[in-house]
Amino acid sequence: MLPSKPPKQQEVLPPRTVIALKGQEIYVQRGETAPVPLLEGARFSVEISDEARCHIAFKIARLLPDLQDHQKADLLAYTVRVLTLLCRDQLLRVREILSEELKEMPFAPRDVVMSLAKDEADSVAVPILECSPVLTDQDLVEIIKSTGRLEVLTAVAARKRLSSLVTDALIACRNVPVMQRLLGNKGASYSEPGMELMAVEAEKVEPMHEPLLRLPDLPQRILNRMATFVSKSLIERMTREGALPASVSSSLLEQISKRLQTPSLDKKRKESSKARELSSSGELTPEGVEDALERGELAFVKTALTHLSGLPEGMVDRIIKSENGKAITALCWKAGVSMRVALQVQMRMGRLHHTKVVHAKNGREYPLTPEEMQSYLDFFVK
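Everything in this summary refers to the structure shown in the same document. (Residues numbered from 1 in each chain as written. Predicted model: local features only at pLDDT ≥ 70, side-chain atom pairs only at ≥ 80, totals over all residues. Heavy atoms only, no water.)

### Remarks on the overall build of the protein chain
And then number 1: Within the protein chain, the regular secondary structure consists of 21 helices and five strands.
And then number 2: Counting all 382 residues of the protein chain, 47% fall into the buried class.
And then number 3: Of the contacts made within the protein chain by residues no fewer than 6 positions apart, 62% connect residues no fewer than 24 positions apart.
And then number 4: A total of about 19,500 Å² of accessible surface is found on the protein chain, and carbon and sulfur atoms cover 51% of it. (Helix = DSSP H or I, 4+ residues; strand = E, 2+ residues; numbered from the N terminus. Buried < 20%, exposed > 50% of the residue type's maximum accessible area, 1.4 Å probe, protein only. Contact = heavy atoms within 4.5 Å. Areas by Shrake-Rupley, 256 points an atom, 1.4 Å probe, with all protein chains shown as cover.)

### So, the nonpolar core
Nonpolar side chains tend toward joint burial in soluble globular proteins.
And then number 1: Core analysis: the largest hydrophobic core is formed by 108 residues, its most contacted members being Leu129, Leu170, Tyr190, Leu213, Met226 and Val345.
And then number 2: Counting residues per element, this core draws most heavily on helix H20 (residues 339-349), which supplies seven residues.
And then number 3: Apart from residues no more than four positions distant in its own chain, Leu213 is found in contact with Leu218, Leu223, Met226, Val230, Leu234, Ile235, Met238, Leu244 and Leu252. (Core = buried A, V, L, I, M, F, W, Y, C linked by side-chain atoms within 4.5 Å.)

### Observations regarding the packing of aromatic side chains
And then number 1: With the rule as written, the count across this model stands at one aromatic pair.
And then number 2: Both rings, one in Phe379 and one in Phe380, keep their centres 5.5 Å apart while their planes meet at 80°; by these two values the pair is edge-to-face. (Phe/Tyr/Trp six-rings, centres within 6.5 Å; stacked < 30°, edge-to-face > 60°.)

### Focus: the environment of Thr147
And then number 1: Residue position: Thr147 is located in the loop between helix H6 (137-145) and helix H7 (150-157).
And then number 2: When residues no more than four places from it in sequence are discounted, the contact partners of Thr147 are Val152 and Leu153.

### Description of the pattern of salt bridges
And then number 1: In this structure the tally under the stated criterion is 22 salt bridges.
And then number 2: Among the ionic pairs, Asp119 bridges to Arg95, the shortest N-O distance being 2.6 Å. A residue pair is termed long-range when its members are at least 10 positions apart, and Asp119 in the loop between helix H4 (110-117) and helix H5 (122-131) and Arg95 in helix H3 (residues 92-102) qualify at 24 residues. The burial state of Asp119 is the same as that of Arg95; both residues are buried.
And then number 3: With a shortest N-O distance of 3.0 Å, Arg340 and Glu290 are connected by a salt bridge. Of this pair, Arg340 sits in helix H20 while Glu290 sits in helix H16 (residues 286-294), and the two are 50 residues apart along the sequence.
And then number 4: A network of salt bridges, in which partner residues are shared, links Glu192, Glu196, Arg221, Glu290, Glu294 and Arg340. (Salt bridge = Lys/Arg side-chain N within 4 Å of Asp/Glu carboxyl O.)

### Things to note about H16
And then number 1: Of the positions making up H16, those classed as buried are Val289, Glu290, Ala292, Leu293 and Glu294.
And then number 2: On its buried face, H16 is in contact with helix H12 (220-226), helix H17 (298-309) and H20.
And then number 3: In the segment just after H16, Gly296 is the residue with positive phi, at about 80°.

### Let's talk about the side chain of Ser132
And then number 1: Tracing the backbone through its elements, the reader meets Ser132 in the loop between H5 and H6.
And then number 2: When its relative accessible area of 0% is taken as the criterion, Ser132 is described as buried.
And then number 3: If we skip the residues at most four places from it in the chain, Ser132 touches Lys103, Val113, Pro127 and Arg159.

### Describing helix H13 (residues 232-240)
And then number 1: Taken together, the buried positions of H13 are occupied by Leu234, Ile235 and Met238. Along the axis of H13, the buried residues cluster in a sector spanning 95°; they form a single face.
And then number 2: Each element contacted by the buried residues of H13 is listed here: helix H11 (209-213) and helix H14 (246-261).
And then number 3: Trailing H13 by a residue or two, Gly242 shows a phi angle of about 80°, which is positive. (Arc of directions from axis to C-beta.)

### Considering the environment of Gln138
And then number 1: Residue placement: Gln138 occurs in helix H6.
And then number 2: When the C-alpha atoms of Gln138 and Leu165 are compared, they prove to be 8.3 Å apart, with 27 residues separating the residues in sequence.

### So, the packing of H17 against helix H18 (residues 313-320)
And then number 1: Relative to each other, H17 and H18 sit at 120°, their axes nearing to 10 Å. In this view, H17 runs oblique relative to H18, as classed from their interaxial angle. Crossing hand, H17 versus H18: right-handed. Of H18, the residues touching H17 (which contributes Lys302, Thr306 and Ser309) are Glu313, Val316, Asp317 and Ile320.
And then number 2: Counted by class, the contact of H17 with H18 contains two nonpolar, two polar and three charged residues. (Axes fitted to C-alpha atoms, helices over the stretch in contact; angles between N-to-C directions. Parallel < 35°, antiparallel > 145°, perpendicular 65-115°, else oblique. Left-handed = near helix turned anticlockwise from the far one by under 90°. Nonpolar A, V, L, I, M, F, W, Y, C, P; charged D, E, K, R; others polar.)

This is the structure in structure tokens:
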């Protein structure tokens with residue numbers, strides 16, 4: 001018989017404590033006393049000590065592999081209710097035990113796994129985030145977008161297999177330690193936009209240069225971008241080691257040599273002058289802006305946006321420095337360039353935090369109406 005009321009004081013389970021399945025319930029037998037059902041309704045049937053709760057958490061998690069037979073569905077549901085209660089336990093050690101025991105189980109209860117993955121304690125969340133096969137790509141993206149915790153992000157970046165959907169979300173956080181952890185993960189896949197953003201961030205983080213160059217099948221536009229900041233000595237060393245194909249290293253070394261021979265200020269002036277000349281001759285095109293952006297010719301891009309949009313140079317400068325993703329997007333729309341270029345201008349020239357970046361609609365369209373974009377431009381008119 002269940003006691004009519006839980007004991008007022010916590011009980012310490014003696015060494016001879018057994019967690020056992022009987023019928024459709026889990027029983028706790030302590031010492032020589034009769035077995036007692038663990039649950040009563042939606043709560044534990046007795047008050048138990050911290051030590052006992054840890055013991056139960058360990059035992060219950062270990063029962064799961066024996067409950068996958070369809071004939072035990074009711075018992076499995078019962079066990080999940082127990083796990084759910086334990087997962088909400090305020091005792092950190094209980095949740096840590098569940099995390100360690102469930103982290104690699106493909107049939108662990110989804111709700112329990114998600115609760116542990118979102119736990120505020122890193123010691124609970126990290127094992128699940130690193131290992132659990134229950135978590136889907138969508139689950140991981142949701143967790144990434146909902147937190148700024150470095151331990152959480154690096155735990156996801158350390159998973160054995162990562163799709164480009166997840167790596168894109170991690171890269172969008174623009175967190176250098178997370179990207180470095182990601183670059184060290186051979187099981188990670190990348191989209192081209194993800195690699196582009198990584199290259200943008202790598203410019204000011206020298207330790208990222210080599211692992212980024214070692215990624216397989218880097219698109220030419222990203223290699224062109226990296227040629228604007230990687231060192232000649234790095235390319236030469238990687239070439240000697242066979243880490244770069246001869247054609248790639250040759251192209252990079254040629255671009256680097258040109259860069260080193262051109263002082264920065266002169267380079268910017270030449271880029272701007274080239275954009276003005278093309279505008280005067282009617283040869284300045286949106287496609288030319290995108291090509292210049294891929295080459296890292298940001299001075300050309302800025303001057304080109306000014307001429308193509310017909311806006312004053314000072315206004316264009318204020319918009320790019322405004323940290324307003326919608327205003328920068330409106331500028332690019334006015335200039336007639338693609339939303340792909342608008343995204344890159346926000347990140348590479350506006351240096352926007354990922355939370356402020358305006359993304360394309362349907363992958364390629366401008367997300368704002370013409371009226372909305374014009375209103376953002378009007379705000380900068382003096």
